[in-house]
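Survey of secondary and tertiary structure
These are the residues of each chain, in order.
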Amino acid sequence: MPEELKLRHYGMAFIDVKLLVFLLLLLQACGSGSSGGGRGQPDETLLRTAQLITLKPIKEINAEYTQAASGMVDLLEYYPLESPQGIIIGKIDEMIHYNRHIYIFDRLAGDIFVYTNKGAFVGNIGKKGKGPDEYADISAFSIDEDGNVCIWSPYNRKVFVYSVKGELKHSLDIGLLMMDDFYVNADSTIVGYEKRSANERLFEGTYPRQGRIFLLDGKGGLLDHGLTYRYSDALKTYPFSNEFYRFGDSLSLMEDFGNVVYRIHGRDMNPVPRYVFDFTGANVPLHYEQAEAVQRKLIDEYQKGGKDEWASLYRIYETDNYLGFKYGYDRYVYTSFYSKKSGNLINLGFFWINDRDNISMPSVSAAGPNDTFYGFIEAHALIRMVDRNETGASDRVEQLRAKLRETDNPVLVSFTLKDF
């Protein structure tokens, strides 16, 4: 999971810099372009089952939608997140929508807040500590089928499962292994993912060959694995962004190497490629089965270049009819939407203007049923946008601003898209 989430205000437009930390790491680790960088091609074997989505970063920006969201946004609503006494969200690191609820991870506080998708406060999990029902840290979190909050604490070597009210239901021992992300199944088995760290204990019979995805029992025992590769120390220097997310009855995995989205069915650790993204001329040339020396050479050449030419998936937000996704390229975060029905794609760039309300659109942070996407705007940021707006915001936003204080919790924004 990413380290931080920020929104930075430039005039009327909010630029999502959640990925800027990722991009800065990318630039440090991989530099800024190379004579041979950004020339990778999609793996043709993945295309046997996957839909290919192609775009050219920057060159295919749809400026008409970037400057006027009303051309593609249908319904758009604002819901101030309630601020009951003592419940203050410091900084939103991650947001998940599930069953008409919004789950918000505040990494600085070590809390997870639960709201309805209309902004009503439900509960929070603030159990950071050293007690038997407490976690020392949060590396990642997920929501199980019953809406429980599952927290992975590397320090405790456990996954804690809490109700939305913060009551500990049970915990699962993991032991000495590394996980970038995870999901808890209904039978308390755990699907885990890791590619940058050596899981020698877990794969002691085959190491350095190990699975990037694995199925664990409730005591950290290996039941199955997939996406096998040869572990390489070179990958430690490459920033990562891989995540599980629920879509329908299936678990999905977004993997930035290869820019692939997989479907995972139940306990089967042979994920099926569903989408492959081809960033034409800008695909990362690294792949898992390259020799470590080749990987290091590519990264070293990239460090010595003068331009950032590698594009990587960063986040996926999937609904029945659309894919919303973010990718990193040329030191910025870009947001795009793909229509499953028409096959059309809109590439928005790194900012997006809500011309209907004369403020910026929020950064997309979650997706839910009925093709609804969710984002947020910090209260103090919305106040500044309205107060400093020379042409005036819409009446409804002016009314919303009048009720806000700078210290209030963020404003949840939901929106749907027009057919395109």
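Refer to the preceding data block for the structure.
Residues numbered from 1 in each chain as written. Predicted model: local features only at pLDDT ≥ 70, side-chain atom pairs only at ≥ 80, totals over all residues. Heavy atoms only, no water.

Details of the nonpolar core
Counted only if it meets this: Buried Ala, Val, Leu, Ile, Met, Phe, Trp, Tyr and Cys residues that are joined via side-chain atoms within 4.5 Å together make up what is termed a nonpolar core. Each residue is assigned to one of three classes by its accessible area relative to the maximum for its type, calculated with a 1.4 Å probe on protein chains only: buried under 20%, partly exposed between the two thresholds, exposed over 50%. Here, two residues are considered to be in contact whenever any of their heavy atoms come within 4.5 Å of each other.
Core analysis: the biggest nonpolar cluster contains 31 residues, and Val73, Phe337, Trp352, Phe373, Phe415 and Leu417 have the highest contact counts within it. Ignoring sequence-local partners within four residues, the contact set of Phe373 consists of Tyr317, Thr319, Tyr322, Gly324, Phe337, Val364, Ala366, Ala367, Val413, Ser414, Phe415 and Leu417. Counting 28 residues, the second largest nonpolar core, distinct from the first, contains Leu46, Tyr229, Val284 and Trp310.

Considerations on the sheet that holds strand S23 (residues 332-339)
In plain terms, the rule: Two strands are counted as paired when DSSP detects at least two bridges linking them. Numbering of helices and strands starts at the N terminus; helices are DSSP runs of H or I of at least 4 residues and strands are runs of E of at least 2. Axis definition: a line fitted to C-alpha atoms, limited for helices to the stretch in contact. Angles are taken between N-to-C directions and run from 0 to 180 degrees.
Pairing is antiparallel across the open sheet formed by 4 strands, whose spatial order is S21-S22-S23-S24. The sheet terminates laterally at strand S21 (312-318) and strand S24 (345-349), the two strands that pair on one side only. In this sheet, neighbouring strand axes are inclined to one another by 20 degrees on average, regardless of whether the strands run parallel or antiparallel. Inspection of the sheet shows strand S22 (residues 322-329) paired to S23 by 8 bridges, in the antiparallel sense.

Side note on the environment of Gly129
Here Gly129 shows up in the loop between strand S8 (121-125) and strand S9 (140-143). Residues Gly129 and Gly110, 19 residues apart in the sequence, show an inter-C-alpha distance of 9.8 Å. Dropping the residues within four chain positions of it, Gly129 is found in contact with Glu134, Tyr135 and Ala136.

Considering unusual backbone geometry
Following Tyr207, the chain continues to Pro208 via a peptide bond in cis, the omega torsion being 15 degrees. Its location among the elements puts Pro208 in the loop between strand S14 (190-193) and strand S15 (209-216). For Leu227, which is not a glycine, the phi torsion comes out positive at approximately 50 degrees. In this structure Leu227 comes out as buried when scored by relative accessible area, which is 18%. Look at Arg331: it is not a glycine, yet its phi comes out positive at around 75 degrees. Within the secondary structure, Arg331 is located in the loop between S22 and S23.

Here's the deal with the sheet that holds S15
If you walk across this open sheet you meet the 4 strands as S13-S14-S15-S16, and the pairing is antiparallel. The open sheet terminates on both sides in strands that have one partner only, identified here as strand S13 (181-184) and strand S16 (222-230). Averaged over all pairs of adjacent strands, the angle between strand axes in this sheet comes to 20 degrees, irrespective of strand direction. Bridging between S14 and S15 involves 4 bridges; their strand directions are antiparallel. Across the sheet, Ile190 pairs through a bridge with Leu216, a residue of S15.

Quick look at the pattern of salt bridges
Basically, it comes down to this: A carboxyl oxygen of Asp or Glu within 4 Å of a side-chain nitrogen of Lys or Arg is what we treat as a salt bridge.
Under the counting rule described, the total for this entry stands at 17 salt bridges. Linking Glu94 and Arg315 is a salt bridge whose minimum nitrogen-to-oxygen distance equals 3.2 Å. Taken together, the residues span a long stretch of sequence, with Glu94 in strand S5 (residues 94-98) and Arg315 in strand S21 at a distance of 221 residues. The same class applies to Glu94 and to Arg315, which are both buried. Its salt-bridge partner being Glu255, residue Arg212 comes within 2.6 Å of it at the nearest N-O pair.

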